[in-house]
Amino acid sequence: MKNSEKNIESKPSAKDNKNNTVSPSSNAAADLRNFFIDSLKDIYWAENALVDSLPKMAKNATSASLASAILEHLALTKNQVTRLEKVFDILGEKAEGKKCEAMAGLLKEGNSILEETELGPVRDAGIIAASQKIEHYEIATYGTLSAFAKALGENDAAKLLTQTLAEEKEADCLLNNIALNIVNIEAAE
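Residues numbered from 1 in each chain as written. Predicted model: local features only at pLDDT ≥ 70, side-chain atom pairs only at ≥ 80, totals over all residues. Heavy atoms only, no water.

Chemist: Mind showing me how you'd approach the packing of aromatic side chains here?
Modeler: For any two aromatic rings, the description comes down to two numbers: the centre-to-centre distance and the angle of the planes. For the coordinates displayed, the defined rule picks out two aromatic pairs. For the pair Y44 and F88, a centre-to-centre distance of 5.6 Å together with 80° between the ring planes defines the contact as edge-to-face. Of this pair, Y44 sits in helix α2 (residues 32–60) while F88 sits in helix α3 (residues 64–90); the two residues are 44 residues apart in sequence, bridging distant segments of the chain. Relative accessible area serves as the criterion here: at 0%, F88 is assigned to the buried category. (Phe/Tyr/Trp six-rings, centres within 6.5 Å; stacked < 30°, edge-to-face > 60°. Helix = DSSP H or I, 4+ residues; strand = E, 2+ residues; numbered from the N terminus. Buried < 20%, exposed > 50% of the residue type's maximum accessible area, 1.4 Å probe, protein only.)

Chemist: Just to check I follow, could you spell out the confidence of the model for the protein for this structure?
Modeler: Close inspection of predicted coordinates is inappropriate in any region flagged by low pLDDT. Summary statistics for the protein give a mean pLDDT of 91 and a share of 88% for residues scoring 70 or more. Considering only residues more than four positions removed or in separate chains, one finds that residues 1–11, a stretch of pLDDT under 50, has two contacts. (pLDDT = per-residue confidence, 0-100. Contact = heavy atoms within 4.5 Å.)

Chemist: How do you make sense of the packing of α2 against α3 when you look at a structure like this?
Modeler: Helix packing for two helices is described by the angle between their axes and how far apart those axes are. For the pair α2 and α3, interaxial distance at closest approach is 9 Å and the crossing angle is 155°. Taken together, α2 and α3 sit at an angle that is classed as roughly antiparallel. Taken as a pair, α2 and α3 cross one another with a handedness that is left-handed. For the contact of α2 with α3, the per-class residue count stands at 18 nonpolar, four polar and four charged. (Axes fitted to C-alpha atoms, helices over the stretch in contact; angles between N-to-C directions. Parallel < 35°, antiparallel > 145°, perpendicular 65-115°, else oblique. Left-handed = near helix turned anticlockwise from the far one by under 90°. Nonpolar A, V, L, I, M, F, W, Y, C, P; charged D, E, K, R; others polar.)

Chemist: I would appreciate a short explanation of helix α4 (residues 101–116) in the present structure.
Modeler: What sets the pattern is the α-helix's 3.6 residues per turn: residues three or four places apart point alike. With 16 residues, α4 extends 22 Å from end C-alpha to end C-alpha; this agrees with the ideal 22 Å at 1.5 Å per step. Every buried residue of α4 is accounted for by M103, L106, L107, G110, I113 and L114. Looking straight down α4, one finds that the buried residues subtend no more than 110° of arc, so they occupy a single side. The outward face of α4, more than 90 degrees from its buried face, is lined by the exposed residues E101, K108, E115 and E116. Of the surrounding elements, those touching the buried residues of α4 are α2 and α5 (121–151). (Expected span 1.5 Å × (residues − 1). Arc of directions from axis to C-beta.)

Chemist: Would you explain the nonpolar core in this entry?
Modeler: Core analysis: the biggest nonpolar cluster contains 46 residues, and F36, L40, L66 and L161 have the highest contact counts within it. Ranked by residue count, the leading element in this core is α2, at twelve residues. Those residues within four positions of L161 in sequence are excluded, and the remaining contacts are F36, L40, L84, V87, Y142, L145, S146 and A149. (Core = buried A, V, L, I, M, F, W, Y, C linked by side-chain atoms within 4.5 Å.)

Chemist: What exactly am I supposed to notice about α2 here?
Modeler: Here α2 spans 41 Å end to end across 29 residues, near enough to the 42 Å set by a 1.5 Å rise per residue. At D52, α2 shows its strongest bend, of approximately 35°, with the proline P55 following within four residues. (Bend = angle between axes of the 7 residues up to and from the residue.)

Chemist: Help me understand the pattern of salt bridges, please; the structure alone is not making it clear to me.
Modeler: Close approach of charged atoms lets side chains of opposite charge pair. Using the criterion set out here, one finds five salt bridges in the structure. Across the salt bridge formed by R83 and E167, the nearest N and O atoms sit 3.0 Å from each other. Of the two residues, R83 sits in helix α3 while E167 sits in helix α6 (residues 155–188), which places them 84 residues apart along the sequence. For R83, a relative accessible area of 9% corresponds to the buried category. We note a salt bridge from K133 to E109, for which the minimum N-O separation is 2.4 Å. Of this pair, K133 sits in helix α5 while E109 sits in helix α4, and the two are 24 residues apart along the sequence. Judged by its relative accessible area of 32%, E109 falls in the partly exposed class. (Salt bridge = Lys/Arg side-chain N within 4 Å of Asp/Glu carboxyl O.)

The following block contains the structure:
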């Protein structure tokens, strides 16, 4: 076996026990409300990161429909940030972000797609693929957050989160339509 292959082998960490349970960190959420707030901080960071990243994606899109959809979603994303701030206010919490490793990874992948494709339809297809991965992550997140809010009796917060969930689903459908009816056809030529 090569030395590099030895690094692939997984050894149990000190945090794992024989039952595969992981010991929580000292600042781990102890109840659903704390986990809910921690998750809100995560998506708050993610949405703010998207506000910074979407203009670059729009600028690199050659399809007018795609560029327009991205810029429209940028405006929605800014409203979603404001909506999250309202959710924090409803909960009596300070609106602050916590780096979202999932979104950071998705944005990094999106940047890689830009670097690995020529300007044109294939890049547009890549932008859509990256954007839909982001939308699916947001759909999963907002669906979960809405369910948590309902379980916690935070109905006003749940309404706001459900509104954002609907917008993310609409954005995914729009991207899918642009891909199927325009961009993928052009990219395949």
